[in-house]
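Below are the chains, spelled out letter by letter.
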Amino acid sequence: MSEENILNEELSEDCCSPHHERKSHHSETTKKNLVSRLNRIEGQIRGVKGLIEKDTYCDDVITQISAIQSALNSVSKILLEGHLKGCVLDRIQEGDMEVLDEVLVTVHKLMKK
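Reading guide: rules and limits
- Residues numbered from 1 in each chain as written.
- Predicted model: local features only at pLDDT ≥ 70, side-chain atom pairs only at ≥ 80, totals over all residues.
- Heavy atoms only, no water.
- Axes fitted to C-alpha atoms, helices over the stretch in contact; angles between N-to-C directions.
- Helix = DSSP H or I, 4+ residues; strand = E, 2+ residues; numbered from the N terminus.
- Parallel < 35°, antiparallel > 145°, perpendicular 65-115°, else oblique.
- Left-handed = near helix turned anticlockwise from the far one by under 90°.
- Contact = heavy atoms within 4.5 Å.
- Nonpolar A, V, L, I, M, F, W, Y, C, P; charged D, E, K, R; others polar.
- pLDDT = per-residue confidence, 0-100.
- 1 Å grid on protein atoms, 1.4 Å probe; cavity = no way out; pocket = protein on both sides within 12 Å on 5 of 7 lines; lining within 4 Å.
- Points joined across faces, edges and corners; volume = space filled by probe spheres on them.
- Core = buried A, V, L, I, M, F, W, Y, C linked by side-chain atoms within 4.5 Å.
- Buried < 20%, exposed > 50% of the residue type's maximum accessible area, 1.4 Å probe, protein only.
- Salt bridge = Lys/Arg side-chain N within 4 Å of Asp/Glu carboxyl O.

Orientation of helix α2 (residues 28-53) relative to helix α3 (residues 58-93), taken along the N-to-C sense of each, is 165°, at an axis distance of 10 Å. Considering the angle they form, α2 stands roughly antiparallel to α3. Where α2 crosses over α3, the two elements pack in a sense that is left-handed. Two secondary-structure elements touch here, α2 through N33, L34, R37, L38, I41, Q44, I45, V48, L51 and I52 and α3 through V61, Q64, I65, A67, I68, A71, L72, S74, V75, I78 and L79. For the contact of α2 with α3, a count of residues per class yields 16 nonpolar, four polar and one charged.

Before going further, it helps to spend a moment on the confidence of the model for the protein. Looking at the protein, pLDDT values average 85 and 81% of them are 70 or higher. Confidence, expressed as mean pLDDT per element, reaches its minimum in the protein at helix α1 (residues 3-10) with 48 and its maximum at α2 with 96.

Looking at the largest pocket, its volume works out to about 310 Å³. Lining of the largest pocket is provided by 14 residues; of these, L79, L80, H83, E102 and T106 occupy positions nearest its centre. Within the residue set of the lining of the largest pocket, elements represented by two or more residues are α3 and α4 (98-111). Looking at the lining of the largest pocket, the element that brings in the most residues is α3, giving five residues. Among the residues making up the lining of the largest pocket, the classes are represented as five nonpolar, six polar and three charged.

Here we take up the nonpolar core. Residues L34, I41, V48, V61, I68, V75 and I78 constitute the largest nonpolar core, which totals seven residues. Going through the elements one at a time, α2 and α3 are the ones with two or more residues in this core. Of all the elements, α3 adds the most residues to this core, at four residues.

Per the counting criterion, the structure on display carries five salt bridges. Across the pair R46 and E42 runs a salt bridge, and its minimum N-O distance is 3.7 Å. Taken together, the residues span about one helical turn, with R46 and E42 both in helix α2 at a distance of four residues. For R46, a relative accessible area of 52% puts it in the exposed group. Residue E42 is classed as partly exposed on the basis of its relative accessible area, which comes to 43%. Ionic pairing is found between K85 and E81, a salt bridge with its closest N-O pair at 2.7 Å. One end of the pair, K85, and the other, E81, are both in helix α3, four residues apart, so they sit about a helical turn from each other. Salt bridges sharing partners connect three or more residues here, namely R91, D96 and E102.

Structure below.
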């Protein structure tokens, strides 16, 4: 099953409605996918720490750090897509246009990186 199908499947009504407690809206499949990705990233970070402790050539360490940043960006993209297709869309349909300012702040944070 594609990531897009998984994301569409997992979206629940009122997931981020300002009238309800704010929680994520991800299916168990997506949660497992995200946790798996984060576990790999955690392992990569431990690996970089080991490289530094072993005085590994700086360029090699930087290459590994770049791979970690790319993996984190992938996690962010999955989360942002789900948020836009679920929470944001629901809130706009409810007439809550303030959510657009919230999304813009989030996108600005992501673009700083």
